[in-house]
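Take a look at the letters that make up each chain.
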Amino acid sequence: MRHPMRHLVPLCLAPGVAGLASACGDRRDEGTMDSAPVADRPMDAAGPADPAMSGEVAGAPQALDEGAALGVLAAINTAEVEAGQLALRRNVEGPVREYAERMVAEHGRNNEQIQAWSPDTAAPDAQVQAEKGRAELSRLEVLEGAEFARAYVEAMVTGHEDALRALDERLIPAAQRPEVRQHLETTRGHVAAHLEAAR
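Here goes a summary of the coordinates provided. The shown structure was predicted, so the numbers you read here are calculated from the model rather than taken from an experiment. (Residues numbered from 1 in each chain as written. Predicted model: local features only at pLDDT ≥ 70, side-chain atom pairs only at ≥ 80, totals over all residues. Heavy atoms only, no water.)

### A few points about the packing of helix α4 (residues 94–114) against helix α6 (residues 145–174)
- Axis separation between α4 and α6 bottoms out at 11 Å; the angle between their running directions is 45 degrees. The angle between α4 and α6 falls in the class oblique. Where α4 crosses over α6, the handedness of that crossing is left-handed. Across from Val-96, Tyr-99, Ala-100 and Met-103 in α4, the residues of α6 making contact are Tyr-152, Val-153, Met-156 and His-160.
- Classifying every residue of the contact of α4 with α6 by side-chain character gives 7 nonpolar, 1 polar and no charged. (Axes fitted to C-alpha atoms, helices over the stretch in contact; angles between N-to-C directions. Helix = DSSP H or I, 4+ residues; strand = E, 2+ residues; numbered from the N terminus. Parallel < 35°, antiparallel > 145°, perpendicular 65-115°, else oblique. Left-handed = near helix turned anticlockwise from the far one by under 90°. Contact = heavy atoms within 4.5 Å. Nonpolar A, V, L, I, M, F, W, Y, C, P; charged D, E, K, R; others polar.)

As structure tokens, then:
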């Protein structure tokens, strides 16, 4: 999917797109992006810090607890599902459609999987992440055709970069239970695979 999408949406790396991030489920089906290996090194944290990802709420650093970290992941998943559903309603075609279908399925599955660990979706960081997703969805909703497809892919690139940074710096370190840590580490590998596919 990498090369066809590059031809379909040549500006997919444009900066400045806020918001959507993705994480996918734990299931590894042959032929899906889920089967990609976990990336060996963390994302480079260079660049402007995002308050939702850096732990700064009202100017004061805060460590996430496990429930809040899962709440942030739930917000990421929800935004990804909603953006993918919007892309499908906009009748995107080819590799972009395949990508949107995969995001809806995998993020929906990831959200189902984390429910057993009681994500705190009311936590401040989770609320900030959810608002970012809503803002990005609102921005995409006014676009149509090739302009929409280009903006959707740009949002996927930026969102995946943000999600990798959040997983490395905040979400994985907040895990207390081994099974939660394992899920977040597996999710990180899936997010890295999604980023590569979107590029």
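### Looking at the environment of Leu-184
- Among the structural elements, Leu-184 can be located in helix α7 (residues 178–198).
- With a relative accessible area of 1%, Leu-184 lands in the buried category.
- It is 9.6 Å that separates the C-alpha atoms of Leu-184 and Ala-69, two residues lying 115 residues apart in sequence.
- Ignoring any residue separated from it by four or fewer positions in sequence, one finds Leu-184 in contact with Leu-73, Leu-167, Leu-171, Ile-172 and Ala-175. (Buried < 20%, exposed > 50% of the residue type's maximum accessible area, 1.4 Å probe, protein only.)

### Side note on unusual backbone geometry
- Non-glycine residue Asn-91 carries a positive phi angle of around 60 degrees.
- In this structure, Asn-91 sits in the loop between α3 (66–89) and α4.
- One non-glycine residue, Ser-118, lies in the positive phi region at around 55 degrees.
- With respect to the helices, strands and loops of the structure, Ser-118 is situated in the loop between α4 and α5 (124–141).

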